[in-house]
Amino acid sequence: MSNQMWGGRFLSGPDAIMEDINASIEFDKALWRQDIAGSRAHVAMLAKQGIVEAADATAIAKGLDSVEAEIESGSFTFSRALEDIHMNVESRLAEIVGPAAGRLHTARSRNDQVATDMRLWVRDTLDALDLQMADLQSALAEKALEFAGAVMPGFTHLQSAQPVTFGHHLMAYVEMLGRDRGRVKDARKRMNENPLGAAALAGTSFPINRHMTAELLGFDRPTANSLDSVSDRDFALEALSAASICAMHLSRFAEEIVIWTTPQFGLVALSDKFTTGSSIMPQKRNPDAAELVRAKSGRIIGSLTALLIVMKGLPLTYAKDMQEDKEGTFDALHSLSLCLAAMSGMVRDMTPDTKAMKKAAGSGYATATDLADWLVRTLKMPFRNAHHVTGRIVGLASEKKIGLEKLTLEEMQSVEPKITVDVFAVLGVDKSVKSRTSFGGTAPANVRREAKRWIAKLAREKRSC
C-alpha cells in the first residue's frame, strides 16, 4: 500500500522520528488564513485561464469557505501525519468537495505556496506592528508635550552631562520609532511581490496568469525569477532586521525605566499595573514589564541571527532547512508586538517626579558647559581656553562641595578676573535648557513644537487608515 501523501514512489509511512523532525503543523498552522487566501486566488486564476472547469473551481471555492469556517470556529482537526498547513487544508477540502479538490494543486507546488503564505503573513504582521509603533509614538509625544519644560539630567557615560527636559528625552524615542517605521515600510514594499506560480522551482507549462493572482492577493507584481521565488527568504530577514532594531530601541528605553524607577534615582514611578512585588521583601516594587521588554529583545535579535545562519549555506533552490524560517519569525514578531504594547502602557502610566528630576539635573556641575559658553560669548575667549577656565572653577566648587551657582563672584574671579556678575544668569538648570534653542535642541519651546507636530502627523495617519 503506497503512502497516502506521496503516492506510489513511497511504499510505507515515515519512521516516527522522521515524522517528529519533519512535521511543521504545530507552528505553520498560523498561516491558515494566508494559505486559504492563496488557494482562492489560485483557483480563480485557473478557472479564468480555462485550466480548471468553472464547476470544479466553484466547488473548490465553496469548500475553502467551509474549511475557513471550521478553523475559525475551532472545530477543524489538524493532523500531524499530514505534516503542514497546506496538506491539512487540501486533505479536508478533498473530504468536503471530493476528487475535484485535487485540481487545486495544478500549476503550483508547496514550494511557491509556502513562500506566498509567508510573504502574506509577514506583510500582514508588519502592517499591524506599524500601527503599534505609531501608537507608542503618540503616547510618547503626548507625554512629552505635557512635560516639555520638566528639567532632568541628560547623561553621557551614565554620568550627569547637561540639563535637558523630560519631554526632549521622550521625543528622542519618537524619532527612533519613526526610523523603525520607515524600515518596516521599506521592507513591506520590497517584499510585496507574488511567488505563486513559480511552482517547484522552474515555473510551469500551464498557461497561468501570475499577474492576476498578484492582483487578487494585493501584491504589486509577480516575482521575476522562479528559482529566486521559491528560495528567497530576504523578506523574512528584512522584517526580522527591522524588528531587531526596533527591539533594541525598546530595550534601551526599558533599561532607562529600570534605572529611573530605582530609589537611588527616583525620577519616575510606575503604578501597580506595570510592576510586581517580592515574595519575601514587602517594600519592593519591581519594574518587571520593563525588564521583560529588555530581555525579549534578545529573543528577537536571536531569531534574525538564526535565520541568517540557516540561509547562508543553502544552494538554490528550496531545501527543507527553510522550514526553520517560521518558528523564529512568528515568535520574534509576536514578541515585538507584546513589547510595543507593554511600552505604550508604561509610557501612559509613568509619572515623573519633576522635583527630583530638577534636583538631579543640577548635580554633577551640569551647567559647566553653560559657563564655558558664557566665557566664549561674553569674554570672547577661545573655547579651549574657556574649557580650561571652567574646569578650574568646577574644581574649586568641588573642593567646597557646593554647586557652581553657590560660588561667589570673587571666588570665580580668582580663576578668571574678567568674569562679571552676569555669569549667574546662565548657571541655573531652567535657564540652561531654555537657552538650547538650536534646531533639535532641548529648549521647552522646541519640544512643544516638535511634540505638537508629531501628534498632528500621527493623527492624520490614523484618520487615513
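In this text the structure is predicted, and so the values were computed from the model without any measurement. (Residues numbered from 1 in each chain as written. Predicted model: local features only at pLDDT ≥ 70, side-chain atom pairs only at ≥ 80, totals over all residues. Heavy atoms only, no water.)

Visitor: Even after reading the chapter, I still don't get the overall build of the protein, so can you show me in this structure?
Guide: Within the protein one finds 18 helices and six strands. Here the protein, with 465 residues, has 47% of them falling under the buried criterion. Of the contacts formed within the protein by residues at least 6 apart in sequence, a portion of 75% connects residues at least 24 apart. Working note: accessible area of the protein is about 22600 Å², and carbon and sulfur atoms make up 55% of it. Taken as two groups, the 57 positive and 57 negative side-chain charges of the protein have centres that lie 8 Å from each other. (Helix = DSSP H or I, 4+ residues; strand = E, 2+ residues; numbered from the N terminus. Buried < 20%, exposed > 50% of the residue type's maximum accessible area, 1.4 Å probe, protein only. Contact = heavy atoms within 4.5 Å. Areas by Shrake-Rupley, 256 points an atom, 1.4 Å probe, with all protein chains shown as cover. Lys, Arg positive; Asp, Glu negative; His and termini not counted. Charge placed at Lys NZ, Arg CZ, Asp CG, Glu CD.)

Visitor: Is there a simple way to think about the packing of aromatic side chains in this case?
Guide: For any pair of aromatic rings, the description rests on two quantities: the centre-to-centre distance and the angle between the ring planes. Here the structure, examined in full by the defined rule, presents seven aromatic pairs. Their ring planes at 55 degrees and their centres at 4.8 Å tell us that F76 and F78 sit as a pair that is tilted. Consider the rings of F147 and F166, whose centres lie 6.0 Å apart with planes at 70 degrees: the pair is edge-to-face. In this pair, F147 is assigned in the loop between α6 (110–146) and β1 (151–156) and F166 in helix α7 (residues 166–191), connecting sequence segments 19 residues apart. (Phe/Tyr/Trp six-rings, centres within 6.5 Å; stacked < 30°, edge-to-face > 60°.)

Visitor: Even after reading the chapter, I still don't get the packing of helix α14 (residues 368–379) against helix α15 (residues 383–400), so can you show me in this structure?
Guide: Geometrically, a packed helix pair is captured by the angle between its two axes and the distance between the axes. It is at 9 Å that the axes of α14 and α15 come closest, and there the two elements cross at 135 degrees. With respect to each other, α14 and α15 are oriented oblique. Crossing of α14 over α15 shows right-handed handedness. Taken together, the residues of α15 that come into contact with α14 (itself represented by A368, L371, A372, D373, L375 and V376) are F383, A386, V389, T390, I393 and V394. Its residues assigned to classes, the contact of α14 with α15 shows ten nonpolar, one polar and one charged. (Axes fitted to C-alpha atoms, helices over the stretch in contact; angles between N-to-C directions. Parallel < 35°, antiparallel > 145°, perpendicular 65-115°, else oblique. Left-handed = near helix turned anticlockwise from the far one by under 90°. Nonpolar A, V, L, I, M, F, W, Y, C, P; charged D, E, K, R; others polar.)

Visitor: When you look at the packing of helix α3 (residues 32–48) against helix α5 (residues 85–97) in this model, what are you seeing that I'm missing?
Guide: The geometry of α3 relative to α5 is characterised by a closest axis approach of 10 Å and an angle of 60 degrees between their N-to-C directions. Put simply, α3 runs oblique to α5. Classified by chirality, the crossing of α5 by α3 is right-handed. Each of W32, D35 and I36 in α3 lies in contact with α5, whose residues at this interface are I85, H86 and V89.

Visitor: I would appreciate a short explanation of the pattern of salt bridges in the present structure.
Guide: Side-chain pairs of opposite charge can arise where the charged atoms are in close proximity. Taken as a whole and judged by the stated rule, the model has 31 salt bridges. Linking R40 and E68 is a salt bridge whose minimum nitrogen-to-oxygen distance equals 2.8 Å. With R40 in helix α3 and E68 in helix α4 (residues 54–73), the pair connects residues that are 28 residues apart, well separated along the chain. Between E83 and R110 there is a salt bridge; the shortest N-O distance is 3.3 Å. Pair noted here: E83 is in the loop between α4 and α5 and R110 is in helix α6, with a separation of 27 residues, a long-range link. Among the ionic contacts, a cluster of salt bridges with common partners joins D130, R181, K185, K457 and E461. (Salt bridge = Lys/Arg side-chain N within 4 Å of Asp/Glu carboxyl O.)

Visitor: What exactly am I supposed to notice about a nonpolar patch on the surface here?
Guide: Residues I17, M18 and I21 make up a contiguous nonpolar surface patch of about 330 Å² in total accessible area. Of note, I21 is situated in helix α1 (residues 16–22). Owing to a relative accessible area of 65%, I21 belongs among the exposed residues under this scheme. (Patch = residues over 30% accessible without salt bridge, like charges linked within 9 Å, V, L, I, M, F, W, Y side chains within 5 Å.)

Visitor: Even after reading the chapter, I still don't get unusual backbone geometry, so can you show me in this structure?
Guide: Across residues other than glycine, the phi torsion is negative in most instances, and most of the peptide bonds are trans. Between L316 and the following residue, T317, the backbone shows a cis peptide bond with an omega angle of 5 degrees. For T317, the position within the fold is in the loop between α11 (288–311) and α12 (325–349). Phi is positive for L158, close to 60 degrees, though the residue is something other than glycine. Mapped onto the elements of the fold, L158 is located in the loop between β1 and β2 (159–165). One non-glycine residue, K401, lies in positive phi territory at about 60 degrees. Structurally, K401 is set in the loop between α15 and α16 (409–413).

Visitor: What is the right way to look at the pairing of β2 in this model?
Guide: Each regular strand carries side chains that alternate between the two faces of the sheet. Pairing analysis gives six bridges linking β1 to β2, with the strands arranged antiparallel. Its bridge partner lying in β2, F155 is registered against S160. With antiparallel pairing between neighbouring strands as the criterion, β1 and β2 make up a hairpin whose turn holds two residues, including H157 at a positive phi of roughly 60 degrees. (Pairing = 2+ DSSP bridges.)

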